[in-house]
Amino acid sequence: MVILRQGIAGWKPFHGCEKDRDQSPDSHSYLLVGRLSFVLEADLLHDLTPVAEQLLERHLAATKEWFPHEHVPYSRGRDHVPGEEWSEDDADLGGHQMDPAVRSALYVNLLTEDNLPYYFQTLDRLLGKDGVWGTWVRRWTAEEGRHSMAIYGYLMATRAIDPVALERARMVQVSGGVVPHPDSLFEGFVYLSLQELATRISHRNTGRKIGDPKGYDVMKRVVADENLHQIFYRDLAQAAFEAAPDHMMVALEKVVRGFAMPGTGIPDFDHHAAIIAKAGIYDLQIHHEQILAPVVLRQWGAADMEGLSGEGAAAQDKLMKRMRTSERVATRYAERRAAEDAELQPA
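If you're wondering where the values come from, they're calculated on a predicted model, not measured in any experiment.

Residues that lie three or four places apart on an α-helix share one face, since the helix turns once every 3.6 residues. Between the first and last C-alpha of helix α9 (residues 245-258) there are 20 Å, a value that for 14 residues agrees with the 20 Å anticipated at 1.5 Å per step. Among the 14 residues that make up α9, ten are buried, leaving the element largely enclosed by the rest of the structure. Within the sequence span of α9, burial applies to Pro245, Asp246, His247, Met248, Met249, Ala251, Leu252, Glu253, Val255 and Val256.

Below, the structure written as structure tokens:
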């Protein structure tokens, strides 16, 4: 990432706190055992501002304008009759069939997107309203808003899933406001990087299995946005690792250990998640091989990071143990799926 490395060239990790820094009660700071390093989140945001400006400029140059209504097959739609009970036979999928696991994935994916007001609230709290940070948060929110429009439009036009059940679940989901709340800016950078990639992978695999080319087109368009979002957060986190490696390593270990997708407040989430995992749309093998290993090990180089001390070094050791466990679980998933596929083959 040439643009990123140019933006952070010459940076030094935090080794102290200037006396004239704002240390008001609203300024979050962290003291790591074993290392006399005092880091204010406001300081980190200030020092990462040039990187955020470059990443935003890159993002705006890469993103493409698009309109949800142009991706929805409205010609398949018809009026919904109040009180009418939905059945799978009502769906108009252009002659294609939809697996129940794909219906579960669309249900979970859309309801996850519907909680956007709470995600904005979290980012606004972590990054603030001012400067490039506020500009990014508002831009990200505007782009994310199109995702639920496009997916919802497709589902209503095609009647791919029960609209009444979907709306009732949306009311529960949004009324509950159950979303992850990173405890610090450091954890926020890590979580956003991993979660955006996980969302992209889930949307992509849903689109691949949807069958209907129109549905695939909708998911493909959403995935393109999610990809740019995860690249922004991933590279921002990489810069944060160079600025405050110990704090970021502690945050990384904590987030990987307790990672949960933002849809846990969805009614029957565990049931749908199990169906989605069994279908190979998103499971622990995918989580390790396509999210953790590429970002944590290859992109951020967590295993090879040197110069850590105190809790940072201890967190690195814990993280590597956890990554090895995750790899073993992923291998078992792969072996189990291979065995199941073999059983389905004709003799």
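On to the pattern of salt bridges, then. It is possible for side chains of opposite charge to pair when their charged atoms get near one another. Summed over all chains, the structure comprises 14 salt bridges. With a closest N to O distance of 3.0 Å, lysine 129 and aspartate 124 form a salt bridge. The exposed category is assigned to lysine 129, whose relative accessible area is 55%. Of the residues examined, aspartate 124 reaches a relative accessible area of 19% and is grouped as buried. Residue aspartate 225 is joined to arginine 221 by a salt bridge in which the shortest nitrogen-to-oxygen separation is 3.2 Å. Of this pair, aspartate 225 and arginine 221 both sit in helix α8 (residues 213-243), separated by four residues, roughly a single helical turn. For the pair aspartate 225 and arginine 221, one class covers both residues: buried. Taken together, the shared-partner salt bridges in this structure form one network comprising Arg58, Arg234 and Asp235.

A few words now on the side chain of histidine 59. Summarising the element assignment, histidine 59 is placed in helix α2 (residues 41-62). Look at histidine 59 and you get buried, because its relative accessible area is 4%. The residues contacting histidine 59, other than those within four sequence positions of it, are Trp136, Glu143, Leu228 and His229.

In this section: the nonpolar core. Leu127, Leu155, Phe189, Leu194 and Leu252 are the most contacted members of the largest nonpolar core, which has 87 residues in total. No other element matches the eleven residues that α8 contributes to this core. With residues near it in sequence (within four places) discarded, phenylalanine 189 still touches Leu44, Leu45, Leu48, Leu127, Tyr233, Leu236, Ala237, Ala240 and Met248.

So, on to the packing of helix α7 (residues 185-209) against α8. Viewed as axis vectors pointing N to C, α7 and α8 meet at an angle of 160 degrees, and their least axial separation amounts to 8 Å. Taken together, α7 and α8 sit at an angle that is classed as roughly antiparallel. As for how α7 packs across α8, the hand of that crossing is left-handed. Taken together, the residues of the contact of α7 with α8 sort by class into eleven nonpolar, eight polar and six charged.

What follows covers unusual backbone geometry. Positive phi is not limited to glycine here, since arginine 159 has a value of about 55 degrees. Within the secondary structure layout, arginine 159 lies in the loop between α5 (131-158) and α6 (163-176). In this model, aspartate 268 sits at a positive phi of 60 degrees, which is unusual for a non-glycine residue. With respect to the secondary-structure elements, aspartate 268 resides in the loop between α9 and α10 (269-278).

What the rule picks out here adds up to five aromatic pairs. Between the aromatic rings of tryptophan 136 and phenylalanine 232, the centroid separation amounts to 3.7 Å while the plane-to-plane angle is 10 degrees, which identifies the pairing as stacked. Placement of the pair is tryptophan 136 in helix α5 and phenylalanine 232 in helix α8, with a sequence separation of 96 residues. Both residues of the pair, tryptophan 136 and phenylalanine 232, count as buried. Taking 5.3 Å as the distance between ring centres and 45 degrees as the angle between the ring planes, the aromatic pair formed by phenylalanine 241 and tryptophan 300 counts as tilted. One end of the pair, phenylalanine 241, is in helix α8; the other, tryptophan 300, is in the loop between α11 (284-299) and α12 (311-344), with 59 residues separating them in the sequence. Members of the aromatic cluster, each reached through a chain of ring pairs, are Trp136, Phe232 and Tyr233. Directly above the ring of tyrosine 333 sits arginine 336, whose terminal nitrogen or CZ lies 5.1 Å from the centroid.

What counts and how
Residues numbered from 1 in each chain as written. Predicted model: local features only at pLDDT ≥ 70, side-chain atom pairs only at ≥ 80, totals over all residues. Heavy atoms only, no water. Helix = DSSP H or I, 4+ residues; strand = E, 2+ residues; numbered from the N terminus. Expected span 1.5 Å × (residues − 1). Buried < 20%, exposed > 50% of the residue type's maximum accessible area, 1.4 Å probe, protein only. Salt bridge = Lys/Arg side-chain N within 4 Å of Asp/Glu carboxyl O. Contact = heavy atoms within 4.5 Å. Core = buried A, V, L, I, M, F, W, Y, C linked by side-chain atoms within 4.5 Å. Axes fitted to C-alpha atoms, helices over the stretch in contact; angles between N-to-C directions. Parallel < 35°, antiparallel > 145°, perpendicular 65-115°, else oblique. Left-handed = near helix turned anticlockwise from the far one by under 90°. Nonpolar A, V, L, I, M, F, W, Y, C, P; charged D, E, K, R; others polar. Phe/Tyr/Trp six-rings, centres within 6.5 Å; stacked < 30°, edge-to-face > 60°. Lys NZ or Arg CZ within 6 Å of the ring centre and 35° of its normal.

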